[in-house]
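Residue-level structure breakdown
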Amino acid sequence: MKILSVNAGSSSLKFQVYEMPEEKVLMKGTFERVGLDHAFYTIKYNGEKVIKEVPLQDHEAAVHILVEELLAYHIVEDFDEIKGVGHRVVHGGDTYASSVIINDHVLETVEALSDLAPLHNPANLTGIKAFEKAIPGVHQVACFDTAFHQTLEEERYLYAVPPEWHAEYNIRKYGFHGMSHKYVSERVNELLDKKYSNVIVCHLGNGASISAVRDGRSVDTSMGFTPNAGLVMGSRSGDIDYSMIPFLIKKTGKTIEEIDTILNKKSGMLAISGISSDFRDIESKIAEKNKQAILAHHIYVNSVVGYIAKYYVELGGADAICFTAGIGENSSHVRRMIVDRLSCLGLKLDREKNEEMRFGKEGTITKEDSSVPCFVIPTDEEVMIARDTYALLV
Ligand code: AMP
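Right, let's walk through the structure included here. (Residues numbered from 1 in each chain as written. Predicted model: local features only at pLDDT ≥ 70, side-chain atom pairs only at ≥ 80, totals over all residues. Heavy atoms only, no water.)

This next bit is on the overall build of the chain. Across its full length, the chain holds 15 helices and 14 strands. Since a compact globule built from 394 residues should have a radius of gyration of about 21 Å, the 21 Å found for the chain is in line with a globular shape. Principal-axis analysis of the C-alpha atoms gives the chain an extent of 60 × 55 × 45 Å. Across the 394 residues of the chain, 49% fall into the buried class. For the chain, the share of sequence-separated contacts (at least 6 apart) that also reach a separation of at least 24 residues comes to 61%. Looking at the chain as shown, the accessible area adds up to about 18,700 Å², and 51% of this sits on carbon and sulfur atoms. Charge separation in the chain, taken as the distance between the mean sites of 42 positive and 56 negative side-chain charges, equals 7 Å. (Helix = DSSP H or I, 4+ residues; strand = E, 2+ residues; numbered from the N terminus. Rg over C-alpha atoms; globule rule 2.2 N^0.38 Å. Buried < 20%, exposed > 50% of the residue type's maximum accessible area, 1.4 Å probe, protein only. Contact = heavy atoms within 4.5 Å. Areas by Shrake-Rupley, 256 points an atom, 1.4 Å probe, with all protein chains shown as cover. Lys, Arg positive; Asp, Glu negative; His and termini not counted. Charge placed at Lys NZ, Arg CZ, Asp CG, Glu CD.)

Turning our attention to the site of the ligand. Taken together, 14 residues form the shell around the ligand, and within it Asn206, Asp278, Phe279, Arg280 and Gly326 come nearest. Gly326 is positioned with one of its backbone polar atoms (N or O) 2.9 Å from an oxygen atom of the ligand. Across the complex, the protein chains shield 75% of the 500 Å² of accessible surface that the ligand would expose by itself. Of all the secondary structure elements, the ones that give two or more residues to the shell around the ligand are helix H10 (279–287) and helix H12 (325–330). In terms of residue count, H12 provides more of the shell around the ligand than any other element does, four residues in total. (Near = heavy atom within 4 Å. Polar contact = N/O pair within 3.5 Å; in protein donor to acceptor, adjacent residues only side chain to side chain.)

The topology assignment puts Asp37 in the loop between strand E3 (24–32) and strand E4 (40–45). Through-space distance from the C-alpha of Asp37 to that of Pro55 is 7.4 Å; in sequence the pair is 18 residues apart.

Quick look at the sheet that holds strand E9 (residues 198–204) now. The mixed open sheet is built from six strands, whose spatial order is E11-E10-E9-E12-E14-E13. On the outer flanks of this sheet lie strand E11 (217–221) and strand E13 (363–364), each paired with one strand and no other. Against the sheet, helix H6 (residues 178–192) engages E9, strand E10 (208–214), strand E12 (320–324) and strand E14 (374–376), with an angle of about 130 degrees to E9. In the packing of helix H13 (residues 332–341) onto the sheet, contacts are made with E9, E12 and E14, and the angle to E12 comes to roughly 160 degrees. (Pairing = 2+ DSSP bridges. Axes fitted to C-alpha atoms, helices over the stretch in contact; angles between N-to-C directions.)

In this structure the tally under the stated criterion is 19 salt bridges. Close ionic contact of Lys2 with Glu19 constitutes a salt bridge, the shortest N to O distance being 3.5 Å. A residue pair is termed long-range when its members are at least 10 positions apart, and Lys2 in strand E1 (residues 2–8) and Glu19 in strand E2 (residues 12–19) qualify at 17 residues. Here Lys2 matches Glu19 in class, with each residue buried. Between Glu186 and Arg387 there is a salt bridge, with the nearest N and O atoms lying 4.0 Å from each other. Here Glu186, found in helix H6, pairs with Arg387, found in helix H15 (residues 381–393); they are 201 residues apart in sequence, far enough to count as distant. Exposure remark for Arg387: the relative accessible area of 26% places this residue in the partly exposed category. What you see here is one network of salt bridges that share partners, running through Lys2, Glu19 and Glu81. (Salt bridge = Lys/Arg side-chain N within 4 Å of Asp/Glu carboxyl O.)

To continue, consider the side chain of Ser235. Considering the arrangement of structural elements, one finds Ser235 in the loop between E11 and helix H7 (244–252). Accessibility expressed as a relative area gives 18% for Ser235, which makes it buried. Those residues in contact with Ser235 that lie beyond four places of it in its chain are Ile262, Leu263, Asn264, Lys265, Lys266, Ser267, Gly268, Leu270 and Ser277.

Moving on, we get to H6. Between its first and last C-alpha atoms H6 spans 21 Å; for 15 residues at 1.5 Å apiece the expected length is 21 Å, and the two agree. Residues of H6 that are buried: Gly178, Met179, Ser180, His181, Tyr183, Val184, Ser185, Val188 and Asn189. Here the buried face of H6 lies against strand E8 (140–144), E9, E10, E12, E14 and H15. At the C-terminal side of H6, Asp193 shows a positive phi close to 55 degrees. (Expected span 1.5 Å × (residues − 1).)

With that settled, the discussion passes to the packing of helix H11 (residues 291–315) against H13. The N-to-C vectors of H11 and H13 enclose an angle of 50 degrees; their axes lie 10 Å apart at closest approach. Considered as vectors, H11 and H13 are oriented oblique to each other. In the packing of H11 onto H13, the handedness of the crossing is right-handed. Packed against H11, whose contacting residues are His297, His298, Tyr300, Val301, Asn302, Val304, Val305 and Ile308, the element H13 presents His333, Val334, Met337, Ile338 and Arg341 at the interface. A class-by-class count of the residues in the contact of H11 with H13 yields eight nonpolar, four polar and one charged. (Parallel < 35°, antiparallel > 145°, perpendicular 65-115°, else oblique. Left-handed = near helix turned anticlockwise from the far one by under 90°. Nonpolar A, V, L, I, M, F, W, Y, C, P; charged D, E, K, R; others polar.)

There is about 210 Å³ of room inside the second largest pocket. Taken together, Lys14, Phe15, Gln16, Lys28, Gly29, Thr30, Glu32, Thr42, Lys44, Lys49 and Glu382 make up the lining of the second largest pocket. Of all elements in the fold, only E2, E3 and E4 reach the threshold of two or more residues within the lining of the second largest pocket. Ranked by the residues each element gives to the lining of the second largest pocket, the list is headed by E3, at four residues. (1 Å grid on protein atoms, 1.4 Å probe; cavity = no way out; pocket = protein on both sides within 12 Å on 5 of 7 lines; lining within 4 Å. Points joined across faces, edges and corners; volume = space filled by probe spheres on them.)

Structure (structure tokens):
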């Protein structure tokens, strides 16, 4: 049975075609610069990579090419063979605690939730509508980034603000990266050979969040009402004292929108390092003993260690700590700084294993006698989308 896993962004569309339930990737690809000049797409099939430059006026044009390529590569001979298309949808609010089959009501709800995710939900909807046009009647499923964290209890998701803000405006902690936190927390249970466990998942990518997961349920997570809360990220500040906002508006004369953009796009590692939001660029400057790059690293590590320690206490101890996403999977340097800082809890890094565990490898990076084993687990949000889509449609 063939299932497509789709992640539509404002100017991109990523896809993977799976044979399910085997979870075999038959083809994958990315459409980039959709709606912009010099658009192109990349297809990976049978170990080969093809890049083509084509005009892509909108997502519909991208999906049209995608389905034509499925025929051209004989992934399918007929569109009937595609049993479902699963979409990553960023915000499901408190309406969706799991993935759902898309119907008109779901579309309306996702549209209404665009208020909470103005940059993401409209782009996700564009992808869904483009597939409806390209393969009329195909079953589609929405997989929400927020759904996994709907298990948070009131005492964790409510902010200490007037309750009518929650009642009237849905102000609460939602949490994001849910498909990744779910994948990693399930995978580590397989590696631990345990059904019940306390796990701390560190999704350290350009966007970053940490979650505390007990027996497969998210108990707490570092992102909040929006993805801007929590950890220091590539270009986002993470947690700040909100009072700096009115103060800065008065001092700089900037508008609230301008300050918001700075906190979102010009802060975090980019601002402190003065180099880049990309960790690789910053790490290469650390080798040259660049002071700002070193400072940025320390601030980053402090922020990650703080959340791990908090969740260790919230969970009453942990069976595993997992690192995933671009930085978590690849930066042995940052992992070493983090785990060394946690030595007060009895964590013991195995330096050799830590260096080995990069570029898609999965395994432990701690010594046998570490109080808590730490794992590197490459995340796979796409397969989670395919799994949920398959489970709902079979
Ligand atoms: P993601 O959002 O998961 O794609 O992660 C992107 C981040 O991972 C960027 O900051 C990259 O610089 C970082 N990253 C990717 N590869 C490496 C690497 N080999 N070493 C350090 N950071 C990396």
